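Notes for the structure review
For reference, the chains in residue letters:
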Amino acid sequence: SGKTGAFGIPLIERLDPDVKRVQALVVVPTRELAEQVTTEMARLSAYTGLRTVAVYGGVGYERQVEGMRRGDQIVVGTPGRIIDHLERGTLDFGDVRYVVLDEADRMLDMGFQPDIEKILRYTPKTRQTALFSATIPVEIHELIYRYLRDPEWVRIEAILPTVDTVEQVYYEVADRDKFDGLVELLEVNRWPTVLIFRRTQRGVDRIEGLLRRKRFSVAAIHGGMSQTARQQSLNEFASGKVRVLIATNVAARGLDIPDVSHVINYDMPEDFDTYIHRVGRTARIGKRGTAVTFVGEGDLEMFDQLRSKLKDQLKPERLALYG
């Protein structure tokens, strides 16, 4: 909600509740994030007369079209469904004054770029465009200058890349032994809530199936699942019905689950920013948490980068399966 407030409050202060047309557009990479941003925008604008409509796939068009006909001033949506509405003629961006790309780093490197360019062509050239992200890698900078004229950079720097309430440990484990190592950690420690990260949808599905056979209470979330299935997984995990949630990086973007006790990097993150984002899923709102990273044979180069940046924050542990 902090990042949403950073762009949501200025938007709300500048929009006109008497104009019943779309004045602001917020583009997000996932359906879950669209729902969360919409909820937060509605809360922030509760007494202003402004309304927000969520636009994303996996659900029917009726409620979304109703919001547009009603004259909701803020649209929060995913690229694919926004384009669907534009092409159907059910969405008009002729009066849009502000466009926000939320999670901009993922929006520009996940194959969304052609869709983003298409959406922007439907908006006035006089609009103001803002990009918000927890991380903006160097390779994204060129794309930013393509979308923005004379951009101003606003950075909020932390003293440390991870908070001191996160205990960070790693286990050196052969790739073939990773699943056995995971089972050992889950069985021995009985951690209350565990978020496991994998790089691919197939990897998520495989670990989910294997853990179910071991009779763990587990759910999964990734972009290949239906909206209903994804929401069910989130609800089960947030309510405590299941203890373990397995996710891809993209699906976990924007998740606001305050009680994740442990994060496990089953697959080594592809870069340091991704590591920070994953670790940030635990120890939220002042609570303590633990981040566990498996280091396999092919992970040494990335692991060296982590150690060089984290120094003594990253501590070694040993699995019992290795004696």
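Criteria and cut-off values
Residues numbered from 1 in each chain as written. Predicted model: local features only at pLDDT ≥ 70, side-chain atom pairs only at ≥ 80, totals over all residues. Heavy atoms only, no water. Helix = DSSP H or I, 4+ residues; strand = E, 2+ residues; numbered from the N terminus. Rg over C-alpha atoms; globule rule 2.2 N^0.38 Å. Contact = heavy atoms within 4.5 Å. Areas by Shrake-Rupley, 256 points an atom, 1.4 Å probe, with all protein chains shown as cover. Lys, Arg positive; Asp, Glu negative; His and termini not counted. Charge placed at Lys NZ, Arg CZ, Asp CG, Glu CD. Core = buried A, V, L, I, M, F, W, Y, C linked by side-chain atoms within 4.5 Å. Buried < 20%, exposed > 50% of the residue type's maximum accessible area, 1.4 Å probe, protein only. 1 Å grid on protein atoms, 1.4 Å probe; cavity = no way out; pocket = protein on both sides within 12 Å on 5 of 7 lines; lining within 4 Å. Points joined across faces, edges and corners; volume = space filled by probe spheres on them. Salt bridge = Lys/Arg side-chain N within 4 Å of Asp/Glu carboxyl O. Polar contact = N/O pair within 3.5 Å; in protein donor to acceptor, adjacent residues only side chain to side chain. Pairing = 2+ DSSP bridges. Axes fitted to C-alpha atoms, helices over the stretch in contact; angles between N-to-C directions. Parallel < 35°, antiparallel > 145°, perpendicular 65-115°, else oblique. Nonpolar A, V, L, I, M, F, W, Y, C, P; charged D, E, K, R; others polar. Left-handed = near helix turned anticlockwise from the far one by under 90°.

Comments concerning the overall build of the chain
Scanning the chain for helices and strands turns up 12 helices and 12 strands. For the chain, the C-alpha radius of gyration of 21 Å lies close to 20 Å, the compact-globule estimate for 323 residues. Counting only C-alpha atoms and orienting by the principal axes, one finds that the chain spans roughly 70 × 40 × 35 Å. Nonlocal contacts in the chain, meaning residues at least 24 apart in sequence, comprise 76% of its contacts between residues at least 6 apart. As displayed, the chain has an accessible area near 16100 Å², and 48% of this comes from carbon and sulfur atoms. Across the chain, the 46 positively charged side chains and the 47 negatively charged ones have centroids separated by 3 Å.

Side note on the nonpolar core
Grouped together as the largest cluster of nonpolar side chains are 26 residues, with contacts concentrated most on Leu 25, Ile 82, Leu 91, Phe 93 and Ile 116. Of all the secondary-structure elements, those providing two or more residues to this core are strand S1 (24-27), strand S2 (52-55), helix H4 (79-88), strand S4 (98-102), helix H5 (104-109), helix H6 (113-121) and helix H7 (141-147). Apart from residues no more than four positions distant in its own chain, Phe 93 is found in contact with Val 22, Leu 25, Ile 82, Leu 86, Ile 119, Tyr 122, Thr 123 and Pro 124. Ranked by size, the runner-up nonpolar core spans 24 residues in total, among them Val 173, Leu 185, Leu 211 and Ile 264.

Brief notes about the layout of surface pockets
Counted as a void, the second largest pocket has a volume near 300 Å³. Lining the second largest pocket we find 14 residues, and of these Val 53, Ala 54, Tyr 56, Arg 63 and Gln 64 sit closest to its centre. Listed by contribution, the elements that provide at least two residues to the lining of the second largest pocket are helix H2 (31-44), S2 and helix H3 (62-70). At 4 residues, H3 tops the list of elements feeding residues into the lining of the second largest pocket.

Here we look at the side chain of Arg 127
Within the element layout of this structure, Arg 127 appears in the loop between H6 and strand S5 (128-132). Here Arg 127 occupies a buried position and makes no salt bridge, while the nearest side chain of opposite charge, Glu 117, is found at 10 Å. Within the structure, the side chain of Arg 127 is placed 3.2 Å from the side chain of Thr 123, a separation counted as a polar contact.

Points about the sheet that holds S1
The 5 strands are arranged S2-S3-S1-S4-S5 in an open sheet whose pairing can be described as parallel. The sheet terminates laterally at S2 and S5, the two strands that pair on one side only. Across this sheet, the average inter-strand angle for adjacent strands is 15°, counted without regard to direction. Direction of pairing for S1 relative to strand S3 (residues 74-77): parallel, over a ladder of 4 bridges.

A closer look at the pattern of salt bridges
Evaluated as defined, the whole model comprises 16 salt bridges. In this structure, the salt-bridge partner of Arg 212 is Glu 208, at a minimum N-O distance of 3.1 Å. Of the two residues, Arg 212 and Glu 208 are both situated in helix H9 (residues 201-213); the distance of 4 residues between them amounts to about one turn of the helix. Via salt bridges that share partners, Arg 51, Glu 66, Arg 70 and Asp 72 belong to a single interconnected network.

Quick notes on the packing of H2 against helix H10 (residues 227-239)
Running from N to C, H2 and H10 cross one another at 65°; their axes reach a closest spacing of 10 Å. In terms of orientation, H2 and H10 fall into the roughly perpendicular class. Packed against H2, whose contacting residues are Arg 31, Glu 32 and Glu 35, the element H10 presents Gln 227, Arg 230, Gln 231 and Leu 234 at the interface. The class makeup of the residues in the contact of H2 with H10 is 1 nonpolar, 2 polar and 4 charged.

Looking at the packing of H4 against H6
Close contact between H4 and H6 brings their axes to 10 Å; oriented N to C, the two are set at 40°. Read as a crossing pair, H4 and H6 show a hand that is left-handed. Residues Pro 79, Ile 82, Ile 83, Leu 86 and Glu 87 of H4 pack against Asp 115, Ile 116, Lys 118 and Ile 119 of H6.

Digging into the side chain of Glu 236
As for its placement among the helices and strands, Glu 236 is situated in helix H10. Lacking a salt bridge, the buried Glu 236 has Lys 241 as its closest oppositely charged neighbour, with an N-O distance of 4.1 Å. Leaving out residues up to four positions away in the same chain, Glu 236 has contacts with Ala 219, Lys 241 and Val 242.

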